[in-house]
Amino acid sequence: MSRLEIDWPDEGAERVRAAEGRLRVAGAALAQRPIEERLAAVATVLEDWTKPDSPWRRALAAGLTEATPFTGPTIAEGLESALRAWRPADFAACAAREIDGARIDGRRALVPFEWTTVIAGGALPMPTLLSSLIPLVLGSPVLLRETSKDPVTARLLARSLAERDDGLAAAFEPIAFPSDDSMALDAALSAPCVVATGSDETLAAISSRLSPTQRFLGYGHRFSIGVLGPELPESAYPDVASDLALDVARWDQSGCLSPVVVYLVGWPTDAAGRFAADLDAALARVSVALPRGDLELETSVSIAHERSEARMRAAAGAGMLFEGEQHTIVLETDARPRPAPLGRFLRLCPVESKDVLFRALEPFSGHLSNVCVAGFREDREDEVTSIGNRSEETLGLAPTDARSTGATVPIEWSALGVSRLTKPGRLQTPPIDWPHDGLPLLLPLARFAGSDFGPPMEDVD
């Protein structure tokens, strides 16, 4: 007798709806807890992930090594440097600052969303972790739809929540369903608050399925760059090259914090060539400690094509090409836009001045994320010197000092969408409270309500 198997067409949607029911119950209990208590509980979980020798970080590194194309050393270093830069005290202070400021001395109340859906994207775990924890602080339970590229992070987070706080654990559910399961997706997108990370096309598709009454926060396509000025002394080339190589090698240049282009402002051609050679050597060295993982076919094809194009230009005397076993450096002769294959492929583009640089960046306005800067008159020499020292420490898995200096981003950069300026070697280790895409950390996912009955009426004769 054969076994009867039934293909249930809305099985995924039913799982989502069942999870929604559980989350609504857990959310009602979560919302009753004071925000100070929720924040303290989440900060404790965050401490578990960020403290030295965290078992959760080790477990995540092991799981991602099995599930993703990144190599083990690259994953371990990427998690160590990024999560050690997250200070739970900074997270708690930022949350208190934002929420207390919005409540205006108690005249507005925080009203948690009944539930929040987080659509994870990409293979980097840090956005998944943070997007999951923030709604819990705000009192909203979370349904997290896993990305196919990372089936590990959310499940480990669920276990770590359960170890610390039953209420938080009940208010967080990871779920997986195929990308073509539109019924499950529609059920997930019925949440009153939706957070998504992905390509611009993915975010547009999600947005089209939502109603105007739903809160939607999307983190789309962005990339980062480096800018080196004419004041960078040649003695600093090796250190700055080592720091940029680390920025490129981390996560194999796959995140929005990865630099894809370095602009050389006011550099003589011969100096640019020497720096390109230093960068080539630095990337070869860092690839020994942090080997590149397997590339997707599309990336390999794109790298081969761009190498071929650069090889022909170099043969004609236009620029230079450095072809490493696991990286590519192209020294261009201009700053015209060209493809960014990723997979540790970096272009160096000369520009005459900052004015020319900003004009060259105008086509990318709205897609720039972070910028690392060195070599301008306003940079302090001691900062340039310390960059190299910190890079070596980071490769040795020492904690990275990611505390914000409190400096503001100049208007020229803000107008291009840049949300953070930093130094080479620190692009991929922002503090936890950095203004991702120019937004506050918690407020975009918060809902408030207030009452205003006006001042007492005066008697009228």
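Values in this document were obtained by computation on a predicted structure and should not be read as measured data.

## Quick notes on the overall build of the protein
Consideration 1: Summing up its helical and strand segments, the protein has 16 helices and 14 strands in all.
Consideration 2: Of the accessible surface of the protein, which amounts to about 21,000 Å², a share of 54% is contributed by carbon and sulfur atoms.

## Regarding the packing of aromatic side chains
Consideration 1: According to the stated counting rule, one finds seven aromatic pairs in the structure shown.
Consideration 2: Between Y237 and W267 the ring centres are 5.1 Å apart and the planes differ by 15°, which places this aromatic pair in the stacked class. Of the two residues, Y237 sits in helix α11 (residues 237–249) while W267 sits in the loop between β8 (259–265) and α12 (269–289), which places them 30 residues apart along the sequence.
Consideration 3: On the basis of relative accessible area, Y237 is assigned to the buried category, the value being 5%.
Consideration 4: Taking relative accessible area as the criterion, W267 reaches 11% and is therefore assigned buried.
Consideration 5: Consider the rings of W267 and F275, whose centres lie 5.5 Å apart with planes at 70°: the pair is edge-to-face.

## Here's the deal with the pattern of salt bridges
Consideration 1: Within this structure, the stated rule accounts for 28 salt bridges.
Consideration 2: Measuring nitrogen to oxygen at the nearest pair gives 2.9 Å for the salt bridge that ties R209 to D186. On the criterion of sequence distance, the pair formed by R209 in the loop between α10 (200–208) and β6 (215–219) and D186 in helix α9 (residues 182–188) is long-range, its members being 23 residues apart.
Consideration 3: A residue is classified by how much of its surface remains accessible, and R209, at 36% relative accessible area, is partly exposed.
Consideration 4: Ionic pairing is found between R274 and E234, a salt bridge with its closest N-O pair at 2.6 Å. On the criterion of sequence distance, the pair formed by R274 in helix α12 and E234 in the loop between β7 (223–228) and α11 is long-range, its members being 40 residues apart.
Consideration 5: Each of E306, R313, E332, D334, R336, R338 and R347 takes part in a single network of salt bridges with overlapping partners.

## A closer look at the sheet that holds strand β2 (residues 116–119)
Strand-to-strand pairing in sheets goes through backbone hydrogen bonds, with the strands running parallel or antiparallel.
Consideration 1: Read across the sheet, five strands follow the order β4-β3-β2-β5-β6 without closing on themselves; strand pairing throughout is parallel. With one partner strand each, in any of the chains shown, β4 (172–175) and β6 form the two edges of the open sheet. The mean angle between the axes of side-by-side strands here comes to 15°, regardless of whether they run parallel or antiparallel.
Consideration 2: Relative to β4, strand β3 (residues 142–145) runs parallel, the two sharing four bridges. Within β4, the position partnered with L143 by the bridge is E173.
Consideration 3: Sheet contacts for helix α6 (residues 125–137): β2, β3, β4 and β5 (193–197); angle to β3, the most-contacted strand, approximately 165°.

## Some points on the environment of E332
Consideration 1: Residue position: E332 is located in the loop between β10 (328–331) and β11 (345–351).
Consideration 2: In sequence terms E332 and G319 are 13 residues apart; their C-alpha atoms lie 4.8 Å from each other.
Consideration 3: Sequence-distant contacts of E332, defined by excluding residues within four places in its chain, comprise R313, R338, R347, L348, C349 and P350.

## Thoughts on the environment of I432
Consideration 1: Mapped onto the secondary structure, I432 falls in the loop between β13 (420–422) and β14 (448–450).
Consideration 2: In this structure the C-alpha to C-alpha distance between I432 and P88, which are 344 residues apart in sequence, comes to 8.2 Å.
Consideration 3: In this structure I432 touches L46, A85, W86, R87, D90, F91, L130 and L441, once residues within four positions along its chain are discounted.

## Describing the environment of G450
Consideration 1: Along the chain, G450 turns up in strand β14.
Consideration 2: A sequence separation of 341 residues divides G450 from A109, and the C-alpha atoms of the two residues are 6.0 Å apart.
Consideration 3: For G450, the residues in contact, after removing those within four places along its chain, are R107 and R108.

## Description of the packing of helix α2 (residues 35–50) against helix α5 (residues 88–103)
Relative placement of two packed helices is described by the angle separating their axes and the distance separating the axes.
Consideration 1: With their axes 9 Å apart at the nearest point, α2 and α5 run at an angle of 155° to one another. Between α2 and α5, the angle is such that the two are roughly antiparallel. Like other packed secondary-structure pairs, α2 and α5 cross with a definite hand, here right-handed. For the pair α2 and α5, the contacting residues are I35, E36, L39, V42, A43, L46, E47 and T50 in the first and P88, F91, A92, A95, A96, I99 and R103 in the second.
Consideration 2: Taken together, the residues of the contact of α2 with α5 sort by class into eleven nonpolar, one polar and three charged.

Rules and cut-offs
Residue numbers restart at each chain and count upward from 1, following the sequence in its written direction. The predicted nature of this model means local features are confined to residues of pLDDT at least 70 and side-chain atom pairs, given and counted, to a pLDDT of 80 or more, with totals for whole chains, interfaces and linings taken over all residues. Side-chain metrics rest on all non-hydrogen atoms present in the structure, leaving aside hydrogens and water. Numbered from the N terminus, helices here are DSSP runs of H or I no shorter than four residues, and strands are runs of E no shorter than two. Accessible surface area values rest on a Shrake-Rupley calculation with a 1.4 Å probe, where residue burial reflects the displayed protein chains alone. Two rings from Phe, Tyr or Trp (for Trp, the six-membered ring) form a pair when their centres sit within 6.5 Å of each other. Planes less than 30 degrees apart are called stacked, planes more than 60 degrees apart edge-to-face, and all others tilted. Only protein chains enter the accessibility calculation, which uses a 1.4 Å probe; a residue is then buried when its area is under 20% of its type maximum, exposed when over 50%, and partly exposed in between. Each reported salt bridge corresponds to a side-chain nitrogen of Lys or Arg within 4 Å of a carboxyl oxygen of Asp or Glu. A pair of strands is considered paired only if DSSP assigns at least 2 bridges between the two. Where helices are involved, their axes are fitted lines through C-alpha atoms of the stretch in contact, as for all axes, and angles between N-to-C directions lie from 0 to 180°. The contact rule is simple, with two residues in contact once any of their heavy atoms fall within 4.5 Å. Any angle that falls under 35 degrees is termed roughly parallel, while one over 145 is termed roughly antiparallel, one within 65 to 115 roughly perpendicular, and all others oblique. Crossing handedness follows the turn of the near helix against the far one: under a right angle anticlockwise gives a left-handed crossing, and clockwise gives a right-handed one. All amino acids are sorted into three groups, where Ala, Val, Leu, Ile, Met, Phe, Trp, Tyr, Cys and Pro are nonpolar, Asp, Glu, Lys and Arg are charged, and the leftover types, Gly among them, are polar.

What is shown is where atoms sit, not what they do.
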